[in-house]
Amino acid sequence: MKVNIIGGGVAGLAVGIYLQKNGFETEVFEQHTVPGGLCTGWKRGDYTFNGCMHWLLGSGKGIAFNTFWNEILDLSQLEFVLHKERVQFDVPDLTDRHGNSVFHFYNEIDQFEKYMLDIAPEDEKMIRYWMDQVRYVGQYLDCLPPAFYDESFIASTRRNMHLIKLLPMVYFMFKWSKLTNYQFAENFKNPFLRKAITLLYEKEVRMPILFFVQCYANKHVAGYPIGSSLHFAKKLAESYQQHGGKLTLGQCVNSIDIEEGRAVGLRMEDNTQRPCDFVVSAADWRWTIFRALGEKYATKEQMFYKNPPKEAIFYSYCILYLGVDLDLKKYPHFIRYSLENPIFSPDGTSYDRLEVHVYNYDPTLAPEGKVTIAVDFQTREGEFWINLRKNDYPQYVQKKKEFQENILAELEKKMSVLSGHIEVTDLTTPASYHRYTGNTLGSSQGWTPQDNVMKSIPLKPTVKGLDNVFLAGHWLVAGGGLPIALKSARDTAWLLSKKANGKFVV
Ligand SMILES: Cc1cc2nc3c(=O)[nH]c(=O)nc-3n(C[C@H](O)[C@H](O)[C@H](O)COP(=O)(O)OP(=O)(O)OC[C@H]3O[C@@H](n4cnc5c(N)ncnc54)[C@H](O)[C@@H]3O)c2cc1C
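Enquirer: When you look at unusual backbone geometry in this model, what are you seeing that I'm missing?
Expert: For Glu295, which is not a glycine, the phi torsion comes out positive at approximately 75°. When you line up the elements, Glu295 lands in the loop between helix 11 (285–292) and helix 12 (300–304). Taking the C-beta count within 10 Å as the criterion, Glu295 has 11 such neighbours and is therefore assigned exposed. Even without a glycine there, the phi angle at Leu441 is positive, about 55°. Structurally, Leu441 can be placed in the loop between helix 15 (430–437) and strand 20 (462–463). On the neighbour-count criterion, Leu441 (25 C-beta atoms within 10 Å) is buried.

Listed below in structure tokens is the structure:
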């Protein structure tokens, strides 16, 4: 049986590998000339820019995501970097009791706890309470997220019994989802620590996100792959082809052909049809439901999101990439600088922090003695950039230039060492992510989890009214990211295999 898969991002390739393992003949159609979708990178002169991940959940053993990745890709082929600190940043106008203005967000919980107890002994109770929550979450990582297996009744009963232990987590999530790090910070007496807790992330985040991220980092299971995101995507594409899958690059799908209530093939841009028995779309969900299927199969809830409120969509990015002829080995890998005067983006967003990634830990990205840097800016104004590029390209280029100049002026105030050493610059915008991957508003991770991290979304892996069309990808679970792309691919492959073959093997 032939399955045509739309999109050669991580989800499309992962679905392809699982289905190849289950005896299907599959073909992935990717519009771009390289696989990976958002999981990408590119070269400018001597420099390679990492366009995506700083951490891959499941890179290390001990959690379910590691098992899933290894089902489709031998992770031992990759080398992962684990950082001692997640980020370090200056706390404006304040110092700790030793006179230091820099706060260290350590990845290991014991080290972080010890550090905070040292700088803010008066907050011992709250510090220990916080770290205890992270340790509590840690107990559940081995069975999260629950997954489908094809196994005997006894084995599946045993697995499900194991899942009962997750019940207290439901209450835990419910309780903590209401609180953000800004609100949590108010419980601390020490002014330096209180302010630092509000600066742990780019923006205000719900506490469960903080706990989970800390917990994964503490367990050493979320590393950065040397070679960067494109290298990772290429390895996945290689694995897909080694499993017998056919990867067709540079081919844009126009629509899904439906006859008598069933998909019969993909209609390509040149109007040819690629026949198949099943379709899996791992492309943008709105494109799939409203363009490829012409709205006919949209549910009422999906219709509501035809023109989604921008808050519902996970941030896109403007990222300024730099190629620098300095090694910067002594710099932290990730620094958050607070700005005295905010930077204004042409899209109207203002920023009072600079998020600076120094890739001094990946020697493959720049020649010896040189380094790449990325300064990123989250934005919800994807539409501004996409429309500007489409309607007035010279103005788009001009606005990018102005924004870049503003960023560089502020950056060089913080890192004066850069002056005269920047050899290459490249600024991406939401229009870049939209153009290369088709994601709504250039979203980097699908839906925003919004005020409730457990909130349901208007999508399922199936399409109402069509029993041989499936969806996969980061739009299937709010919050998105690479692990979600993988997990949704696995769930979709499970569903399709069970339906067609009555079984699923991994
Ligand atoms: C700057 C940045 C940093 C990130 N950092 C991290 C991180 O550290 N950790 C993490 O877990 N996640 C991170 N993410 C998120 C992660 O990259 C995405 O959630 C994930 O890659 C999504 O994969 P996907 O396959 O679901 O979708 P996509 O990558 O969007 O893939 C969809 C594919 O479909 C193709 N396509 C679309 N329409 C068509 C069509 N009509 N015909 C043919 N092909 C089509 C697109 O070209 C694309 O290749 C980051 C994202 C960005 C942008």
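Now that the structure has been shown, the text picks up again.
Enquirer: Sorry, what's going on with the environment of Tyr129 here?
Expert: Position of Tyr129 among the secondary structure elements: in helix 4 (residues 124–138). Residue classification places Tyr129 among the exposed residues on the basis of 11 C-beta atoms within 10 Å. In this structure the C-alpha to C-alpha distance between Tyr129 and Gly45, which are 84 residues apart in sequence, comes to 50 Å.

Enquirer: What is the right way to look at the sheet that holds strand 2 (residues 25–30) in this model?
Expert: Across the sheet, which stays open at both edges, the six strands sit in the order 10-2-1-14-21-20 with mixed pairing between neighbours. Each end of this open sheet is capped by a strand with a single partner; those strands are strand 10 (246–249) and strand 20. Here strand 2 runs beside strand 10; their pairing, made up of four bridges, is parallel. Across the sheet, the residue bridging to Val28 is Leu247, located in strand 10. Along the sheet, helix 16 (residues 482–501) makes contact with strand 14 (278–281) and strand 21 (466–471), crossing strand 21 at roughly 160°.

Enquirer: Mind showing me how you'd approach the domain arrangement of the protein here?
Expert: Bring the parts together and some accessible area is lost; that lost area is often taken as the interface size. The domain architecture assigned to the protein consists of domain 1 (2–38 + 63–78 + 226–308 + 448–501), domain 2 (83–219) and domain 3 (315–441). Between the C-alpha centres of domain 1 and domain 2 there is a distance of 32 Å.

About the thresholds
Residues numbered from 1 in each chain as written. Predicted model: local features only at pLDDT ≥ 70, side-chain atom pairs only at ≥ 80, totals over all residues. Helix = DSSP H or I, 4+ residues; strand = E, 2+ residues; numbered from the N terminus. Buried ≥ 20, exposed ≤ 12 C-beta atoms within 10 Å, placed from the backbone. Pairing = 2+ DSSP bridges. Contact = placed C-beta atoms within 7 Å. Axes fitted to C-alpha atoms, helices over the stretch in contact; angles between N-to-C directions. Domains from an automatic or database assignment.

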